[in-house]
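# Breakdown of the fold
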Amino acid sequence: IALSGLNAASTDLEVTGNNIANAATSGFKESRAEFADLYASSLQDAGSNAVGQGVRVSRVAQQFSQGSIDFTSNNLDLAISGEGFFVLEGTDGSLQYTRAGAFNVDREGNVVNHANDRLQVYGSATGVGGTTTFNTGVLEDLQLPTTASSPSPSTLVSAVLNLDSSGLVPTDAFDPANAASYNASTSTTVYDSLGNAHASTMYFRKVGPNNWQQYQYIDGTEVPPNGQPAGTPFTLDFDATGSLASVNGAAGTSALADPYDPGNGASPISLTLEFVGSTQYASAFAVNNLSQDGFTSGRLSGVDIDPEGVVFARYTNGQSSALGKVALAKFNNQQGLKQEGDTNWSESFSSGAAQLGEAGTSSFGQIQSGALEASNVDISAQLVNLIIAQRNFQANAEVISTADSVTQTIINIR
């Protein structure tokens, strides 16, 4: 009996020691030793006269309580606040699960942990209306782009501005080099299909009450309205309230410019000039908004991950794109998970099958980027457990010592 007590106390010491050893291990979940008494089956009918046969370790139970969230300076460090596990694909192709979110990038751009297990995400795709959707039925590796992103040529220049209705009509013939031949101008940068930047300039010239001409230039070369000869301006007509009534004599707020060949091997730049929201009031010329939809190529400059697990890649050209959505898993019986080491668990018959989902949905917790979940080990409580286990070990050792003394006394009877 005392020997079973010694074994149980020794196991308790081992479990407590392992908890203390992993007090600083991110994502670690403490365990506790649970015990059950032993009775010989042949004495089941003995009632109150039955003498116990000692103790056994019934199980070592994992405790999946939430650990504290510690913030870091690495955006790829992830912590789950609430239920769920990160899904990893091991080097042998098997799926493993973890709460330790210290991730980095390998030489191929895969997001991995210290054991080179690859973080699994739901892949992104473009849905109806250009929105980003995620294929939640298929897991794939999260891989950061290692090459430059493709450029996108400019196709739209949007200008929201006010033209001064009290301005004078210039008397000089229009000449972009002569500031007296126009009333105002503004510029922006547009891009060709190879990502080269080009200066796009708009010149505005008043020709009469509520009537304006707009000359479009790219890199100092005039770009007339589509299908019109050089020297033909765009026309902007306003109504009596100062609102834009027509562009190039047609109702609407936009017009297509003639294609411009940059002469560098890129495709011609075909711009639509849009003036929606522009006005003609008796106040100084003002550009309230001037934008275009093109961009040059760019390299990855950073990664952001939102609380729902969507991974955004930021590029040096100011663009961003969704690379995927971090997959989470949960189990009906977390304590049935098999411990694999490296703060990983694997599915077992006792745990039940993994239930995959997304952060912030159902009972899944949210993801905190730039943070790690600390071990849930309470050092103070473990030190108390250590004292209790030591006391139990000593008490059982004393039982053995006492039994030895009694035995020795009996042997010495003459």
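Scroll up to find the structure this text is about.
Cut-offs applied
- Residues numbered from 1 in each chain as written.
- Predicted model: local features only at pLDDT ≥ 70, side-chain atom pairs only at ≥ 80, totals over all residues.
- Heavy atoms only, no water.
- Pairing = 2+ DSSP bridges.
- Helix = DSSP H or I, 4+ residues; strand = E, 2+ residues; numbered from the N terminus.
- Axes fitted to C-alpha atoms, helices over the stretch in contact; angles between N-to-C directions.
- Buried < 20%, exposed > 50% of the residue type's maximum accessible area, 1.4 Å probe, protein only.
- Polar contact = N/O pair within 3.5 Å; in protein donor to acceptor, adjacent residues only side chain to side chain.
- Contact = heavy atoms within 4.5 Å.

Bringing the sheet that holds strand β20 (residues 272-274) into the picture now. Across the sheet, four strands lie side by side as β19-β20-β11-β21; this open sheet has mixed pairing. Edge positions in the sheet fall to β19 (254-256) and β21 (286-292), since each of these pairs with one other strand and no more. Within the sheet, the average angular offset between the axes of one strand and its neighbour, ignoring direction, is 15°. Relative to β20, β19 runs antiparallel, the two being bridged by three bridges. By the bridge assignment, Leu 256 is partnered in β20 with Thr 272.

Trans peptide bonds make up most of the peptide bonds, and negative phi angles are found at most residues other than glycine. At Asp 219, a residue that is not glycine, the phi angle is positive and equals roughly 55°. Topologically, Asp 219 is positioned in the loop between β14 (211-218) and β15 (221-222). With relative accessibility at 38%, the residue Asp 219 sits in the partly exposed group. Residues other than glycine seldom take positive phi values, yet Ser 362 does so here, at roughly 50°. In this fold, Ser 362 is placed in the loop between β27 (355-358) and β28 (366-369). For Ser 362, a relative accessible area of 69% puts it in the exposed group.

The buried count for strand β11 (residues 156-162) comes to six of seven residues, which makes it a mostly enclosed element. Bridge analysis of β11 against β20 gives three bridges, and the strand direction is parallel. Within β20, the position partnered with Leu 156 by the bridge is Thr 272. Sheet topology places β11 next to β21; six bridges connect them, and they run antiparallel. Bridging across to β21, Ala 159 finds its partner in Leu 290.

Here we take up the side chain of His 198. Within the element layout of this structure, His 198 appears in strand β13 (residues 197-208). At a separation of 2.8 Å, a polar atom in the side chain of His 198 contacts the side chain of Asp 192. For His 198, the contacting residues outside a window of four places in its chain are Thr 188, Thr 189, Val 190, Asp 192, Ile 218, Asp 219, Pro 262, Asn 264 and Ile 269.

All right, on to the pairing of strand β23 (residues 310-315) then. Two elements, strand β22 (residues 300-305) and β23, share five bridges in a ladder whose sense is antiparallel. Looking at β23, one finds that Val 303 is bridged to Ala 313. Where β22 folds back on β23, the antiparallel hairpin that results is connected by four residues, among which Gly 309 adopts a positive phi of roughly 90°. Two elements, β23 and strand β24 (residues 320-330), share five bridges in a ladder whose sense is antiparallel. Directly across from Val 311, in β24, lies its bridge partner Gly 324. The hairpin formed by β23 and β24 contains four residues between the paired strands, and Gly 318 there has a positive phi angle of roughly 85°.

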